[in-house]
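# Chains, contacts and geometry: an overview
Residues per chain, in single letters:
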Amino acid sequence: ICTFCRYARTKTPEDSVFLNYAAALKEEMSRYLEMPHIQNTEFDLIYFGGGTPSVMPLEIMADLIQWINRNFTKGKREISFEGEARSIKHMEYLSMLKELGTTRISMGVQTFDLELRKVLGRREGVDDVFEAIENAKKLNLEVNFDLLYWLPYQTLDHIAADIRMVQQLQPTDVDWYNMVYDPLLKNDPLSRLVTKKNNVVDDTAGLLRTRQAMRDGFRDIGFHQH
């Protein structure tokens, strides 16, 4: 469970919890499908995520996607699926997603630096990320991953190293988010750490330098902001 995540979360539950959750999703979508304005709407994108939908067992997820494919048929052009590297890296899971119409996968990498990953509570190894990207490309899936900047202890050298890793891995695109801190949240250990250290929150000039380094670094490797 990542230190920066503020969503409702729990450790991976039993299959029965996933089954009940999938059933609840179908029930909710069924009720929407009874509404005329939903029946007449073309949904061109189906998106799973963010977070870790790939922790849902393959058979349950396959059944859920098949249900959605049967019931949402107008205008669909893309299914995008966000997952966690340790679970989404397996070729069997990726093949299921591909066969059921998924065109793009995404992962929350946040940073490739091992020490910063410890601060963020990332449990999967960078080798898991590499394997997931490699296997997805074998299936001609588009690949995206998320990165974070403005982290505790993060320097411009860290930014440059992550950009070099983007150049090496050549994803389809990258989402790079500004870490946001809220010291008033008692269950947010990262915000408490930053407030205690007082090392990033009020450094407006440093934030500007970081964004400039990211802009220039991505431009130098052929990636452009959109």
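My aim in this report is to walk through the structure given alongside it, one point at a time. (Residues numbered from 1 in each chain as written. Predicted model: local features only at pLDDT ≥ 70, side-chain atom pairs only at ≥ 80, totals over all residues. Heavy atoms only, no water.)

This part covers the nonpolar core. Core analysis: the largest hydrophobic core is formed by 63 residues, its most contacted members being F48, M61, M96, F112 and F145. In terms of residue count, helix α3 (residues 58-71) provides more of this core than any other element does, eight residues in total. Beyond its immediate stretch of four places on either side in the chain, F145 contacts S106, M107, V109, F112, I133, V166, L169, P171, D173, V174 and D175. (Core = buried A, V, L, I, M, F, W, Y, C linked by side-chain atoms within 4.5 Å. Buried < 20%, exposed > 50% of the residue type's maximum accessible area, 1.4 Å probe, protein only. Helix = DSSP H or I, 4+ residues; strand = E, 2+ residues; numbered from the N terminus. Contact = heavy atoms within 4.5 Å.)

Moving on, we come to the packing of α3 against helix α5 (residues 91-99). The description of two helices packed together rests on the angle between their axes and the distance between the axes. Where α3 meets α5, the closest approach of the two axes is 10 Å, and the angle between their N-to-C directions is 5°. Classed by the angle they form, the pair α3 and α5 counts as roughly parallel. Listed contacts from α5 to L58, M61, A62 and I65 of α3 are E92, Y93, M96 and L97. Of the residues in the contact of α3 with α5, the class split is seven nonpolar, no polar and one charged. (Axes fitted to C-alpha atoms, helices over the stretch in contact; angles between N-to-C directions. Parallel < 35°, antiparallel > 145°, perpendicular 65-115°, else oblique. Nonpolar A, V, L, I, M, F, W, Y, C, P; charged D, E, K, R; others polar.)

This part takes up the pattern of salt bridges. Counted under the stated rule, the structure contains 13 salt bridges. The shortest N-O distance in the salt bridge between K89 and D128 comes to 2.7 Å. Of this pair, K89 sits in the loop between α4 (85-88) and α5 while D128 sits in helix α7 (residues 126-138), placing them 39 residues apart in sequence. One exposure class covers both K89 and D128, and it is buried. A salt bridge links R215 to D216; its shortest N-O distance comes to 3.0 Å. For R215, a relative accessible area of 47% puts it in the partly exposed group. (Salt bridge = Lys/Arg side-chain N within 4 Å of Asp/Glu carboxyl O.)

Before going further, it helps to spend a moment on the sheet that holds strand β3 (residues 102-110). An order of β1-β2-β3-β4-β5 is seen for the five strands of this open sheet, with the pairing classed as parallel. Two strands in the sheet have a free side with no partner beyond their single neighbour: β1 (45-48) and β5 (173-178). Geometrically, the sheet is characterised by an average inter-axis angle of 20° between neighbouring strands, direction not taken into account. One ladder, built from four bridges, connects β1 with strand β2 (residues 78-83); its direction is parallel. Bridge assignment links I46 to a residue of β2, and that residue is I79. Lying over the sheet, α7 contacts β3 and β4 (142-149), oriented at roughly 165° with respect to β3. (Pairing = 2+ DSSP bridges.)

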